[in-house]
Amino acid sequence: MQTFAYQKPTSIQAAAKAGEKGEAKFLAGGQTLLAAMKLRFAAPTDLIDLAGLPELRGIKAEGSAITIGAMTRHAEVASSPEVQSKIRALAALAGLIGDRQVRNVGTLGGSIANNDPASDYPAALLALGATINTSKRKIPADAFFTGLFSTALEPGEIITSVTFPQPKRAGYQKFKNQASRFALVGVFVALTAGGVRVAVTGAGRKGVFRVKAMEDALAKNWSPDAVKSIIVPVSELAGDIHASAEYRAHIIAVMAQRAVAEA
């Protein structure tokens, strides 16, 4: 691990200012960042610890929506009565992330800011039409995820919370890597006020993505059979030592059926 400056600011404003310096990185839970630093895949000049900012934590029900602070841990989302009541599929997704140790340290904001192509939360944000609230603005999920490990965040911009509209129906199913528990394929389906949304994680060449063909089919007939024969083109999918693009295409259809049935 290389040398870096460690900072623990006491306000969002101070954290944002520190984040504009050099190759600074925000430390939210560290479940991905610290591992990347140990492997020298990341070498920040400054590590800015957000743990001293309690305003970034917490879960609040607001009308028909749920707002979750960026520093809220996965285990807190999974066990939250508010999330379980309004968006049960989101609580279930959080309970599937990693193992118990990861869930008790990793955070919502850290997960989506890193935008690992095999992480779970991006599928939930995209399928539910969530809004990412930052220290500068509000970003719709459709505009937030821009590619592998890439987001619309600007230097020094901090995710403060995420607002999830309550769906009419929602379900998430994941086919996981047995060793890492990352998604080889994860499919989140939701019937929202704006229509049907289907998001896939773990399989795309460019990260999380929506499947319009499945959305159109479910809008006409909300049933597992509606998506049974819809196959995502393999040209859009990733292949690796864990699963080929062709295998992932098959699993997407299977997970989509199960997610619809769950919803």
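See the structure above.
Since we're looking at a predicted model, the values are computed, not measured. (Residues numbered from 1 in each chain as written. Predicted model: local features only at pLDDT ≥ 70, side-chain atom pairs only at ≥ 80, totals over all residues. Heavy atoms only, no water.)

**Student:** Residue-level account of the sheet that holds strand S1 (residues 5–7), with values.
**Tutor:** Pairing within the open sheet is parallel, and its three strands lie in the order S1-S3-S2. Each edge of the open sheet carries a strand with a single partner, namely S1 and strand S2 (25–27). Each strand of the sheet is rotated relative to its neighbour by a mean of 25 degrees, with strand direction disregarded. As paired elements, S1 and strand S3 (residues 46–49) share three bridges and run parallel to each other. When the sheet's bridge partners are listed, Gln 7 is paired in S3 with Ile 48. (Pairing = 2+ DSSP bridges. Helix = DSSP H or I, 4+ residues; strand = E, 2+ residues; numbered from the N terminus. Axes fitted to C-alpha atoms, helices over the stretch in contact; angles between N-to-C directions.)

**Student:** Account for helix H1 (residues 12–19), with residues named and values stated.
**Tutor:** All of the buried residues in H1 are Ile 12, Ala 15, Ala 16, Ala 18 and Gly 19. Along H1, the residues classed as buried sweep out an arc of 165 degrees about the axis, all on the same side. Exposed residues on H1 whose side chains face more than 90 degrees from its buried face are Gln 13 and Lys 17. If you follow the buried residues of H1, they end up packed against S1, S2, S3 and strand S10 (159–165). (Buried < 20%, exposed > 50% of the residue type's maximum accessible area, 1.4 Å probe, protein only. Arc of directions from axis to C-beta. Contact = heavy atoms within 4.5 Å.)

**Student:** For the environment of Gly 22, give the residues involved together with the corresponding values.
**Tutor:** Residue placement: Gly 22 occurs in the loop between H1 and S2. Taking C-alpha positions, Gly 22 is 51 Å from Ser 223, a pair spaced 201 residues apart along the chain.

**Student:** Can you explain the pattern of salt bridges? Please cite residues and give values.
**Tutor:** Should the charged atoms of two oppositely charged side chains come close, the side chains can pair. A full pass over the atoms with the stated rule returns 12 salt bridges. One salt bridge in this structure joins Lys 136 and Glu 154, with 3.4 Å as the shortest N-O distance. Residue Lys 136 is located in the loop between strand S6 (131–134) and strand S7 (138–140), and its partner Glu 154 is located in the loop between strand S9 (150–151) and S10; the two are separated by 18 residues in the primary sequence. Accessibility expressed as a relative area gives 39% for Glu 154, which makes it partly exposed. (Salt bridge = Lys/Arg side-chain N within 4 Å of Asp/Glu carboxyl O.)

**Student:** Kindly report on the layout of surface pockets, identifying the contributing residues and their values.
**Tutor:** Looking at the second largest pocket, its volume works out to about 190 Å³. Along the walls of the second largest pocket sit 16 residues, with Ala 118, Ala 183, Gly 202, Asp 240 and Arg 248 positioned nearest its centre. Split into classes, the residues belonging to the lining of the second largest pocket amount to eight nonpolar, five polar and three charged. (1 Å grid on protein atoms, 1.4 Å probe; cavity = no way out; pocket = protein on both sides within 12 Å on 5 of 7 lines; lining within 4 Å. Points joined across faces, edges and corners; volume = space filled by probe spheres on them. Nonpolar A, V, L, I, M, F, W, Y, C, P; charged D, E, K, R; others polar.)

**Student:** Hey, could you go over the sheet that holds strand S12 (residues 183–192) for me, with residue numbers and the actual values?
**Tutor:** Sheet architecture is open: four strands sit in the order S11-S12-S13-S14, paired in antiparallel fashion. Here the strands that pair on one side only, and so sit at the sheet edges, are strand S11 (169–176) and strand S14 (209–210). The pairing of strand S13 (residues 195–201) with S14 spans two bridges and is antiparallel. Each bridged residue has a counterpart across the sheet, and for Val 200 the counterpart in S14 is Phe 209. Contacting S11, S12, S13 and S14, helix H8 (residues 121–128) crosses the sheet at an angle of about 20 degrees to S12. Relative to the sheet, helix H10 (residues 212–220) contacts S13 and S14, its axis offset from that of S13 by approximately 145 degrees.

Note that all results are geometric; they support no functional claim without further evidence.
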